[in-house]
Amino acid sequence: MGLDVVLYRVVRSAGAARRSSFVPVEVVDDSDDVLLGLLTRVRGGGRTPLLDRFDPAGELVVSAPEAPRLLAELRCLAESAASPAEMARLRSLAALTRRCMRGHDVEIRLEGD
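Below is a short write-up of the structure.

The subject of this paragraph is helix α3 (residues 67-80). For α3, with 14 residues, the first-to-last C-alpha span of 20 Å sits near the 20 Å given by 1.5 Å per residue. Within α3 the residues assigned to the buried category are Ala-67, Leu-70, Leu-71, Glu-73, Leu-74, Cys-76 and Leu-77. Contacts made by the buried residues of α3 are with α1 (34-42), α2 (49-52), β3 (59-63), α4 (84-101) and β4 (106-112).

Structure (structure tokens):
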């Protein structure tokens, strides 16, 4: 399965078309499904409504203004973490989220397979 969490920089073009492109800046790889397993375990408990919207076969986009909410939900996930690997993955994701909070032209995407 697999899940990647990617911090993208949003590059908006000038002109009438005003198209945006997305440049990956940093990736938290979850090819071993550690984060995905944790998300699946806590899903639907009501404590992580933003993360509950994630579809393992799709994508969840978290904008910079939503990043503080994501960080709060990561704290809830940490309470359910059952292994050092899960805690390490959450720390990496929290660092990525704090980086997103400092920017205005960035977004985080949870990308499933």
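Our next topic: the pattern of salt bridges. For the coordinates displayed, the defined rule picks out eight salt bridges. Among the salt bridges present, the one from Arg-99 reaches Glu-26, with a minimum N-O distance of 2.6 Å. In this pair, Arg-99 is assigned in helix α4 and Glu-26 in strand β2 (residues 20-29), connecting sequence segments 73 residues apart. Given the relative accessible area of 35%, Arg-99 is considered partly exposed. Given the relative accessible area of 28%, Glu-26 is considered partly exposed. Residue Asp-32 pairs with Arg-89 through a salt bridge whose shortest N-O separation is 2.8 Å. Residue Asp-32 is found in the loop between β2 and α1, and its partner Arg-89 is found in helix α4; the two are separated by 57 residues along the sequence. On the basis of relative accessibility, which here comes to 48%, the residue Asp-32 falls in the partly exposed class. Using a relative accessible area of 14% as the deciding quantity, one classes Arg-89 as buried.

Procedures and definitions
- Residues numbered from 1 in each chain as written.
- Predicted model: local features only at pLDDT ≥ 70, side-chain atom pairs only at ≥ 80, totals over all residues.
- Heavy atoms only, no water.
- Helix = DSSP H or I, 4+ residues; strand = E, 2+ residues; numbered from the N terminus.
- Expected span 1.5 Å × (residues − 1).
- Buried < 20%, exposed > 50% of the residue type's maximum accessible area, 1.4 Å probe, protein only.
- Contact = heavy atoms within 4.5 Å.
- Salt bridge = Lys/Arg side-chain N within 4 Å of Asp/Glu carboxyl O.

These figures come from the coordinates and say nothing about function on their own.
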